[in-house]
Each structure stands twice: as structure tokens, then as C-alpha cells.
Amino acid sequence: MNLGAVVGITADHGMNAKQKPDGSPNVIYLESLLVRKFGIGFRVILPITDPYVAHHGALGSFAVVHLPPDFSARRKFNILHFLNHLPGVTEVYGRNAAEKLGTPG
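All values derive from a computational prediction rather than experimental measurement. (Residues numbered from 1 in each chain as written. Predicted model: local features only at pLDDT ≥ 70, side-chain atom pairs only at ≥ 80, totals over all residues. Heavy atoms only, no water.)

(A) Representation of the overall build of the chain within the structure. Check the secondary structure of the chain and you find 3 helices and 2 strands. Listed N to C, the secondary structure of the chain is α-β-β-α-α in terms of helices and strands. Within the chain, the fraction of its 105 residues that count as buried is 16%. Sequence-distant contacts in the chain: of pairs separated by 6 or more residues, those separated by 24 or more amount to 52%. Carbon and sulfur atoms make up 57% of the accessible area of the chain, which amounts to about 7,800 Å² in all. (Helix = DSSP H or I, 4+ residues; strand = E, 2+ residues; numbered from the N terminus. Buried < 20%, exposed > 50% of the residue type's maximum accessible area, 1.4 Å probe, protein only. Contact = heavy atoms within 4.5 Å. Areas by Shrake-Rupley, 256 points an atom, 1.4 Å probe, with all protein chains shown as cover.)

Written out as C-alpha cells, the structure reads:
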């Protein structure tokens, strides 16, 4: 946190369905959505995409979103609001909220 990292924590259980009723992947292309709505400079990392973790089926439910460094606080708020209202997204935390979650007591 001292270096400016934003940390997210998630459980491995209770995830959304990984397939639509027709069998196609139930995927949110988060980086593409963010770029289309807010412009370039986003970096989305999906750490649970290992194809050898069979129960995830290479479709992890956790994403780390790196924002462009020059975004204003208002723009960051708008991004959090947008992400929080995407169908299939359960929780979104900004830096301050994530820091409080990761701090004991």
C-alpha cells in the first residue's frame, strides 16, 4: 500500500456461472469495456487464468485493474461506479477501501 498499490481480495467460492445457457463462455472483457467508455491506458490483470486449475476452467473471477496515473479523483469514482453496476460484477474496491479491508483491527 505504501507504494500506491490497490489490493483486492476474493474468495474462490460462490462464483457466477462460467457458461451461458448455450454453452458459450460467460466472460466480461473488462479492459475493452473500460477503454471504450473511459479511454486508453487501462491494464487489467486476471491472476486466476491458469488452464491447469480445472475448477476455474481458465475463467477466473478476480481482476486487478490498473488505472492511468493522470486520472482525477472524480474520474476514478466514475470508473468504480461503472464497474459496480456491471452485470456479473459482485464487488469493487478502490485503493482506500481495499487498504481498510487488508488492515487488521
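(B) Structural view of the nonpolar core. Within the largest apolar cluster, 11 residues are counted, these being Leu30, Leu34, Phe38, Phe42, Val44, Phe71, Ile79, Phe82, Leu83, Leu86 and Val92. Contact partners of Leu86, with chain neighbours within four places excluded, come to Ile28, Leu30 and Leu33. (Core = buried A, V, L, I, M, F, W, Y, C linked by side-chain atoms within 4.5 Å.)

(C) Broad picture of helix H1 (residues 30–38). All of the buried residues along H1 are Leu30, Leu34 and Phe38. Around the axis of H1, the buried residues are gathered within 30 degrees of arc, so they sit on the same side. Backbone geometry just after H1 places Gly39 at a positive phi near 105 degrees. (Arc of directions from axis to C-beta.)

(D) The packing of H1 against helix H2 (residues 73–84), seen in detail. Two elements in contact, H1 and H2, have axes whose closest approach is 12 Å; the angle formed by their N-to-C orientations is 130 degrees. If you check the angle between H1 and H2, you find them oblique. Here H1 runs over H2; the crossing is right-handed. Every residue of H2 that contacts H1 at Leu30, Leu33, Leu34, Lys37 and Phe38 is listed here: Arg75, Asn78, Ile79, Phe82 and Leu83. Here the contact of H1 with H2 is composed, by residue class, of 7 nonpolar, 1 polar and 2 charged. (Axes fitted to C-alpha atoms, helices over the stretch in contact; angles between N-to-C directions. Parallel < 35°, antiparallel > 145°, perpendicular 65-115°, else oblique. Left-handed = near helix turned anticlockwise from the far one by under 90°. Nonpolar A, V, L, I, M, F, W, Y, C, P; charged D, E, K, R; others polar.)

(E) Broad picture of the packing of aromatic side chains. One pass over the full model with this rule turns up 3 aromatic pairs. Between Phe42 and Phe71, the ring centres sit 5.6 Å apart and the planes meet at 75 degrees, which makes this aromatic pair edge-to-face. Of this pair, Phe42 sits in the loop between H1 and strand S1 (43–45) while Phe71 sits in the loop between strand S2 (64–66) and H2; the two residues are 29 residues apart in sequence, bridging distant segments of the chain. On the basis of relative accessibility, which here comes to 9%, the residue Phe71 falls in the buried class. Grouped by ring-pair contacts, the aromatic residues Phe38, Phe42, Phe71 and Phe82 constitute a single cluster. Its end group placed over the ring of Phe38, Lys37 keeps NZ or CZ at 5.8 Å from the ring centre. Positioned above the aromatic ring of Phe71 is the side chain of Arg75, whose terminal nitrogen or guanidinium carbon lies 4.2 Å from the ring centre. (Phe/Tyr/Trp six-rings, centres within 6.5 Å; stacked < 30°, edge-to-face > 60°. Lys NZ or Arg CZ within 6 Å of the ring centre and 35° of its normal.)

Scope: geometric values only; no functional claims are made or implied.
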